[in-house]
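Chains, contacts and geometry: an overview
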Amino acid sequence: MVNAVPRLVVAAPSSGSGKTTVATGLMAAFAARGLAVSPHKVGPDYIDPGYHALATGRAGRNLDAYLCGPELVAPLFLHGARGCDLAVVEGVMGLFDGAAGEGELASTAHVAKLLRAPVVLVVDASSQSRSVAALVHGFASWDPGVRIGGVILNKVGSDRHEELLREALDSSGVPVLGALRRTGQVDVPSRHLGLVPVAERRAAAVDAVAAMAAQVVRGCDLDALEALARSAGALPEGTAPWTPEPPAHDQPPRRAGKRGPVVAVAGGEAFTFSYAEHTELLAAAGAEVVPFDPLHDEQLPDGTAGLVVGGGFPEVYAAELSANEPLRRAVADLALSGAPVAAECAGLLYLCRELDGRPMCGVLDATARMTGRLTLGYRDAVAVGDSVLAAAGTRMRGHEFHRTVVEPGAGAAPAWGVRAPARRVEGFVQQGVHASYLHTHWASEPGVARRFVERCRTS
C-alpha cells in the first residue's frame with residue numbers, strides 16, 4: 001500500500017548536531033542494501049537534497065508545511081516515495097523550531113506528526129555524559145504527538161565516553177540506535193549560504209556521501225533503524241499522492257505530433273536551487289522542459305518560448321556569467337520580445353544590469369551587489385498585479401535567503417506585496433518578466449505553472 005511506506009525522520013536538538021551526515025549516510029547505507037530509498041528534506045533547503053540525490057539515485061524533495069500548507073505534506077511525500085521501499089526525511093534546525101511566530105508550523109516535529117513517522121534524534125554528545133539523559137528525556141516528553149523512536153549519539157570521544165552515554169540513557173526509555181565517533185567527521189565545505197552544492201564539487205561530493213555512509217554503517221544498528229521505519233503509522237485514510245497533472249477541465253490541448261512550447265530552465269553550477277515539482281508541473285502543463293547552463297551555453301535552447309531562472313550562486317560566478325556575452329544578449333532579446341520569463345533570487349540578479357559591477361543581462365533597470373547582511377525568513381505575499389505567473393490578488397507564501405541587495409531604477413511594477421513579517425512591495429513585473437527574491441513552491445498553487453505555459457503558447 002502506498003500509505004504504508006516505511007519512513008523515519010532524522011532530527012536534532014539544534015542545528016550543527018549532525019543531521020545531514022546521519023540522514024545522508026542512512027540513505028546511502030539503506031540504498032547499498034538494495035532498498036529503493038526516497039529522500040526528503042524538511043523546509044526550503046535546496047542544497048541538502050543534492051547530497052540526498054547522490055545517496056539514493058532519486059530526486060531529493062522538500063516537505064515544507066509553510067510554503068505548501070500542512071495539507072500537502074503527506075501527498076507530496078507519497079508522490080516522492082512512490083515505488084520506494086523506505087523513506088528518510090532529514091529535519092531542519094532543532095526538532096521543534098519552525099516558522100517564526102507560528103508555533104509548530106513547518107517544524108520538523110510538525111512534519112513528523114503529519115507523516116505519522118517516528119523520529120531519530122541525533123545528539124551532539126561531545127561535551128556531555130550523564131546530562132544526555134536529561135536532554136533526551138526533555139525532547140521525548142515535550143510533545144506527546146511526536147514519537148522519539150531512538151537516539152544516535154554523534155561526536156563521541158572514546159569507548160569510555162560511549163559507555164557513559166549509553167549507561168545514562170538506559171533508563172530513558174529511548175533506545176540508542178547508533179554512536180558516531182568525533183574523529184573522522186565528514187568535511188563538507190560551506191560558504192555564505194550553507195554547504196557547497198553538489199553541482200560545484202560532484203567528485204568530492206560523491207566521496208563525502210560514501211564517507212557518511214561508511215560512518216553510519218560502522219556506528220549504527222541498521223536493522224533496528226529499518227525496523228523503526230517499518231513501525232510508522234498508516235497515513236490518514238484517503239491520503240493520495242500529489243500529482244502534477246492538472247484537473248481534466250484544465251488539461252492543455254494536445255495535438256498529435258505537435259511540439260509543446262519549449263521552456264528553458266537554467267541549471268549548472270550557478271543555478272542549483274529548484275524544486276523537482278516545478279519542472280514536473282511545467283511538463284504536465286504541456287511544456288517541453290529543456291535545461292541549459294548559463295556558464296557554458298552561448299545560446300538558449302532551440303525554439304525557446306519561455307525561460308525559468310531559479311536560485312543559486314550567481315555572485316560566486318559573476319565573472320563567468322558576465323563573460324558569456326552571447327547568452328546574456330539572447331536572454332535580453334527573449335525578454336524584449338515579451339516571452340514569459342520567471343526568475344527567483346539568483347535569477348533576479350542575473351536579469352539586472354550588473355552584479356557587483358559586472359554586466360549581467362540588462363533585462364531589468366536595476367543593479368545588484370553582495371552585502372554582509374543575511375536576509376532570511378518565510379514571507380506571506382500577494383500578487384500586486386497580473387503577470388505571467390499569477391493574477392492580481394493571488395496569495396502565495398515564499399522564502400527569502402540571500403546576502404545581496406537590488407537597487408531598482410524605474411519602469412517596472414512590483415511583483416509581490418509582502419504581508420508579513422513587514423508590509424512592503426518586492427520584485428519586478430515588466431512585459432513578460434516576473435522577477436523576485438522570493439522562492440516559492442509551485443505545488444501550493446499549480447495554476448502558476450499552467451498560466452506560465454499558456455503564456456508561452458500565446459506570446
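Figured I'd write up the structure that's included with this text. Note that the structure is a prediction, hence the values are computed from the model and not measured.

Regarding the layout of surface pockets
In this structure, the second largest pocket encloses a volume near 510 Å³. What lines the second largest pocket is a set of 21 residues, and nearest its centre among them are Tyr 46, Pro 49, Gly 50, Thr 272 and Ser 274. Secondary structure elements with two or more residues in the lining of the second largest pocket: α2 (48-56) and α9 (276-284). When residues in the lining of the second largest pocket are grouped by element, the largest group, 4 residues, is from α2. For the lining of the second largest pocket, a count of residues per class yields 13 nonpolar, 6 polar and 2 charged.

As for the sheet that holds strand β7 (residues 176-181)
Hydrogen bonds between backbone atoms are what pair the strands of a sheet, whose relative direction is either parallel or antiparallel. Strand order in the open sheet formed by 7 strands is β3-β2-β4-β1-β5-β6-β7, with parallel pairing between adjacent strands. Every interior strand has two partners, whereas the edge strands, β3 (61-63) and β7, have only one. Between one strand and the next, the sheet's axes are offset by a mean angle of 25°, whatever the strand orientation. Here strand β5 (residues 119-124) pairs with strand β6 (residues 148-156) via 6 bridges, running parallel. Considered in β6, the bridge of Val 122 is made with Ile 152.

Digging into helix α4 (residues 108-115)
Extensive coverage of α4 is indicated by the burial of 6 of its 8 residues. Of the positions making up α4, those classed as buried are Thr 108, Ala 109, His 110, Val 111, Ala 112 and Leu 115. Check the buried side of α4 and you find it contacts β1 (7-11), β2 (37-42), β3, α3 (73-81), β4 (86-90) and β5. With its phi angle positive at about 50°, Arg 116 sits one or two positions after the end of α4.

What counts as what
Residues numbered from 1 in each chain as written. Predicted model: local features only at pLDDT ≥ 70, side-chain atom pairs only at ≥ 80, totals over all residues. Heavy atoms only, no water. 1 Å grid on protein atoms, 1.4 Å probe; cavity = no way out; pocket = protein on both sides within 12 Å on 5 of 7 lines; lining within 4 Å. Points joined across faces, edges and corners; volume = space filled by probe spheres on them. Helix = DSSP H or I, 4+ residues; strand = E, 2+ residues; numbered from the N terminus. Nonpolar A, V, L, I, M, F, W, Y, C, P; charged D, E, K, R; others polar. Pairing = 2+ DSSP bridges. Axes fitted to C-alpha atoms, helices over the stretch in contact; angles between N-to-C directions. Buried < 20%, exposed > 50% of the residue type's maximum accessible area, 1.4 Å probe, protein only. Contact = heavy atoms within 4.5 Å.

Taken by themselves, the reported measurements are silent on function.
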